[in-house]
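So the chains spell out like this:
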Amino acid sequence: MSNERLRSALLAQGMTVQDLADSIEVNPKTVERWITQGKVPYRRHQYATASLLNVDVTTLWDDSRAVDTATDLSKAEIVTIYPHRHMVPNSLWREIYERAEARLDVLVYSGLWLSEDPLFHDLLKRKVKGTTQVRILLGDPACAAVHQRGIDEGHRIMDGKIRNALMNYRPLFTSHPDIDFRLHDGTLYNSLFRSDDEMLVNTHVYGIGAYMAPVLHLRRLPGGGLFDTYANSIEQAWGSARPVEDHDITGA
């Protein structure tokens, strides 16, 4: 039986059999057999293919061994869980970001507490001078999702918190233009703090502020899938976000 899911995943990425074969270093005829004959690859090739095509390995192959292994790997990506954000050691946020070499991402509504930390500002300045891409995504203070989040947390000041954060970051807009700031209008189910293959996931819970909600400390493992799920969320939000304008800060 042919593997039409693999064929579709290839097409979705604009890739050919030859492209996949070259990328994971196998014979193109081998890849062709995976598609036309439904042959199941070695597990290492399953994970490499799924990662390259940006899908979960179990989407491509109904292999109970792969399901068990992928589940175990995803669990292994969880370093620890904090019941509440305020229980995360204060130093951990900066320690994680200090380790960033390729990418440093923040996806929040306001993240006001980070914007108020001068040591975090200094860290951003250092990182952007090196090889690190720095992206800060805040909520659009005028959008419906921000208004609703304020209601869900039991207040109506989320837009004001975002404007305060933008005001705190404002000196960086001109002094360090390589630090990318954008505003999103999406509904966030988590606040995400990524440093290369490490991430803190602050879940959002209806009726309480994010500081009271749980935080997952993740570290990416090939084939795990959990880390990449959240990382893809950052990319989706960044792609649809817009630059910051003066009226976003002043509200005028």
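What counts, and at which threshold
- Residues numbered from 1 in each chain as written.
- Predicted model: local features only at pLDDT ≥ 70, side-chain atom pairs only at ≥ 80, totals over all residues.
- Heavy atoms only, no water.
- Helix = DSSP H or I, 4+ residues; strand = E, 2+ residues; numbered from the N terminus.
- Contact = heavy atoms within 4.5 Å.
- Axes fitted to C-alpha atoms, helices over the stretch in contact; angles between N-to-C directions.
- Parallel < 35°, antiparallel > 145°, perpendicular 65-115°, else oblique.
- Nonpolar A, V, L, I, M, F, W, Y, C, P; charged D, E, K, R; others polar.
- Expected span 1.5 Å × (residues − 1).
- Bend = angle between axes of the 7 residues up to and from the residue.
- Buried < 20%, exposed > 50% of the residue type's maximum accessible area, 1.4 Å probe, protein only.
- Core = buried A, V, L, I, M, F, W, Y, C linked by side-chain atoms within 4.5 Å.
- Pairing = 2+ DSSP bridges.
- Left-handed = near helix turned anticlockwise from the far one by under 90°.
- Salt bridge = Lys/Arg side-chain N within 4 Å of Asp/Glu carboxyl O.

Glancing now at the environment of A237. Here A237 shows up in helix α12 (residues 226-240). Taking the C-alpha atoms as reference points, A237 and F181, 56 residues apart in sequence, are found 12 Å from one another. Beyond its immediate chain neighbours, meaning those up to four positions away, A237 contacts L107, L137 and H184.

On to the packing of helix α7 (residues 90-98) against helix α9 (residues 118-129), then. Between α7 and α9, whose axes approach to 11 Å, the crossing angle comes to 5°. Classified by the angle between their axes, α7 and α9 sit roughly parallel to one another. Of the residues in α9, those in contact with R94, Y97 and E98 of α7 are L119, F120, L123, R126 and K127. Classifying every residue of the contact of α7 with α9 gives four nonpolar, no polar and four charged.

Taking 1.5 Å as the rise per residue, helix α11 (residues 158-175) with 18 residues should run 26 Å; its terminal C-alpha atoms sit 27 Å apart, in good agreement. The largest bend along α11 reaches roughly 45° and is located at Y169, with the proline P171 sitting one to four residues downstream. Regarding α11, the residues found buried are M158, I162, R163, A165, L166, Y169 and L172. The inward-facing, buried residues of α11 abut α8 (112-115), α9, β3 (133-139), α10 (144-152), β4 (180-184) and α13 (246-250).

A separate point is the nonpolar core. For soluble globular proteins, nonpolar side chains are generally found buried alongside one another. Counting residues in hydrophobic clusters, the biggest one holds 51 residues, and the most contacted among them are L124, I136, L138 and Y169. Core analysis: the second largest hydrophobic core is formed by 17 residues, L6, L10, W34 and I35 among them.

What the eight strands build is an open sheet, ordered β1-β7-β6-β5-β2-β3-β4-β8; its pairing is mixed. On the outer flanks of this sheet lie β1 (78-82) and β8 (242-243), each paired with one strand and no other.

We now examine the packing of α9 against α11. Relative orientation of the contacting elements α9 and α11 amounts to 25°, with a least axis distance of 12 Å. Our classification of the angle between α9 and α11 gives roughly parallel. Helix-helix and strand crossings are classified by hand; for α9 and α11 the assignment is right-handed. Packed against α9, whose contacting residues are F120, H121, L124 and K125, the element α11 presents N168, Y169 and L172 at the interface.

Turning our attention to the environment of L10. In this fold, L10 is placed in helix α1 (residues 4-12). As for L10 and D62, which are separated by 52 residues in sequence, their C-alpha atoms are 17 Å apart.

This part takes up the pairing of β4. Pairing geometry for β3 and β4, over five bridges, is parallel. Across the sheet, the residue bridging to L137 is R182, located in β4.

All told, the structure shown has 15 salt bridges when counted by the stated rule. Among the ionic pairs, R99 bridges to E198, the shortest N-O distance being 2.9 Å. Here E198 lies in strand β6 (residues 198-203) and R99 lies in the loop between α7 and β2 (103-107), a separation of 99 residues in the sequence. By relative accessible area, R99 is classed as partly exposed at 42%. It is possible to trace a salt-bridge network through shared partners that takes in R103, D105, R135 and E235.

Keep in mind these values describe shape, not function.
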